[in-house]
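Spelled out from the first residue to the last, the chains are:
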Amino acid sequence: MARGRFPLDNGFLPFTPSAFGLLSPATTELQLTGPQWRMGLQWQAFCPNTAGTYDDCFRLDGVPEAPPKGETWEWTSRGATPITVYSRADCAPVGTWDELGPTNQQALIRAEERELERIFWYGGIVAGAGVTDAYPHLGANAEVVDGGDTLQIPATVVSTDAQLIEVGLGMLEAAMRRCYPGVATIHMPIRLASLAADHHLIAPRGGVMYTTTVGSKVVIGEYPGTGPDGTVPPEGQTWMYATGEVFYMREPQPHSFRPAESFDRNVNTLSMIAERTYVFGWDCCLFAIPILNGEL
């Protein structure tokens, strides 16, 4: 049976992006002007705290004088390094020459979030290279400082013992509340999402996944679930992390190289590359806890 070729109007099949991943509304996209951000970001982490006191004029008999008002918080300079994600496709320079560029760019748009989640967790831009070169990232157990800016804070482990998800999530949120006055962000590997939903711990609202008790935002990503030291946990366990508000900056559209820039004359092959640069950061704290994948 002969089949005709009837291309879609825009040339691409319908596509729905991940609902609750790292680029979902659970994180904040910055709107910075100028190209300087491509060299990295610098900001003052704002993790304020307060203390109580009273007026000596109104203290009751037997109550001592109010202690001096000491410092309750301090500025901390933080920094983040850029990440570039790319997509590449090779073909002979005939037939699909005009289609290759837009199609490869679409491939990057559809798949970049998954790669960003891996990098944001591991801290290694090139998979399998064993090099940490993306800061800050979740799975970290040491501080990294460059030129006075803290690029990486170590994760504070809330419990070294793996917890049931309903207990561990509560421990993470309690730790975040003591550290960060705003809405926390929970970073949950996909393998834990069904378990959390089954225990009525998370629910979507307005396009964002939240915890049902405290109301922390939840990023459900292609996270590997490894510990702060980079090791794979024992079977039946997965690490989960919590941070302050996550923010990022990115190029508005992927950059595609022209075909002439990508032609390899040695093998008569066109290598089309599309790429986009990102910078990620978060405010204040970083906590981690191992979670049991199922019931005891």
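Refer to the structure printed above.
In short, a report on the structure. Every value quoted in this text rests on a predicted model; they were computed, and no experiment measured them.

### Here we look at the overall build of the protein chain
Stage number 1. A count of helices and strands for the protein chain gives 3 helices and 17 strands.
Stage number 2. Contacts in the protein chain between residues far apart in sequence, at least 24 positions, make up 76% of those at least 6 positions apart.
Stage number 3. A total of about 16700 Å² of accessible surface is found on the protein chain, and carbon and sulfur atoms cover 54% of it.

### Some words on the pattern of salt bridges
Stage number 1. The final tally for this structure, using the stated rule, is 6 salt bridges.
Stage number 2. A salt bridge links Glu112 to Arg250; the shortest N-O distance between them is 4.0 Å. Pair noted here: Glu112 is in helix α1 (residues 97–122) and Arg250 is in strand β13 (residues 246–250), with a separation of 138 residues, a long-range link.
Stage number 3. Glu112 serves as the salt-bridge partner of Arg276, at 2.5 Å between the closest nitrogen and oxygen.

### A short note on the layout of surface pockets
Stage number 1. Reported here for the largest pocket is a volume of approximately 380 Å³.
Stage number 2. Lining the largest pocket are 21 residues; nearest its centre among them are Pro17, Ser18, Leu23, Arg110 and Glu113.
Stage number 3. For the lining of the largest pocket, the secondary-structure elements that each account for two or more residues are α1 and β11 (217–221).
Stage number 4. For the lining of the largest pocket, the residue count by class is 9 nonpolar, 4 polar and 8 charged.
Stage number 5. Of the volumes computed, that of the second largest pocket is approximately 320 Å³.
Stage number 6. Along its surface, the second largest pocket is lined by 25 residues, and Tyr122, Gly123, Thr132, His137 and Gly139 are the ones closest to its centre.
Stage number 7. For the lining of the second largest pocket, the class distribution of residues is 11 nonpolar, 12 polar and 2 charged.

### Observations regarding the sheet that holds strand β12 (residues 237–243)
By way of backbone hydrogen bonds, the strands of a sheet pair with one another, either parallel or antiparallel.
Stage number 1. Read across the open sheet, the 7 strands follow the order β7-β17-β12-β8-β11-β10-β9; overall the sheet is mixed. Only two strands of the sheet have a single partner each, and these edge strands are β7 (156–157) and β9 (202–205).
Stage number 2. Strand direction decides the pairing type here: strand β8 (residues 185–189) and β12, joined by 3 bridges, are antiparallel. In the sheet register, Thr185 faces β12, and the bridge partner there is Thr243.
Stage number 3. Helix α2 (residues 165–179) contacts β8, β10 (208–211), β12 and β17 (286–292) of the sheet and is inclined by roughly 170° relative to β17.
Stage number 4. Contacts from helix α3 (residues 190–198) reach β8, β9, β11, β12 and β17, with the element oriented near 110° to β8.

### A look at the nonpolar core
Stage number 1. Leu116, Phe120, Leu138, Tyr241 and Phe280 are the most contacted members of the largest nonpolar core, which has 28 residues in total.
Stage number 2. Elements represented by at least two residues in this core include exactly β4 (82–91), α1, β10, β12, β13, β16 (269–282) and β17.
Stage number 3. When residues of this core are assigned to their parent elements, the largest contribution, 5 residues, is made by α1.
Stage number 4. With residues up to four places along the chain from it excluded, the contact list for Phe120 reads Leu22, Pro136, His137, Leu138, His187, Tyr223, Val246, Phe280 and Trp282.
Stage number 5. Formed by 25 residues, the second largest nonpolar core is a distinct cluster that contains Ala184, Ile220, Ala242 and Cys284.

Calculation rules
- Residues numbered from 1 in each chain as written.
- Predicted model: local features only at pLDDT ≥ 70, side-chain atom pairs only at ≥ 80, totals over all residues.
- Heavy atoms only, no water.
- Helix = DSSP H or I, 4+ residues; strand = E, 2+ residues; numbered from the N terminus.
- Contact = heavy atoms within 4.5 Å.
- Areas by Shrake-Rupley, 256 points an atom, 1.4 Å probe, with all protein chains shown as cover.
- Salt bridge = Lys/Arg side-chain N within 4 Å of Asp/Glu carboxyl O.
- 1 Å grid on protein atoms, 1.4 Å probe; cavity = no way out; pocket = protein on both sides within 12 Å on 5 of 7 lines; lining within 4 Å.
- Points joined across faces, edges and corners; volume = space filled by probe spheres on them.
- Nonpolar A, V, L, I, M, F, W, Y, C, P; charged D, E, K, R; others polar.
- Pairing = 2+ DSSP bridges.
- Axes fitted to C-alpha atoms, helices over the stretch in contact; angles between N-to-C directions.
- Core = buried A, V, L, I, M, F, W, Y, C linked by side-chain atoms within 4.5 Å.
- Buried < 20%, exposed > 50% of the residue type's maximum accessible area, 1.4 Å probe, protein only.

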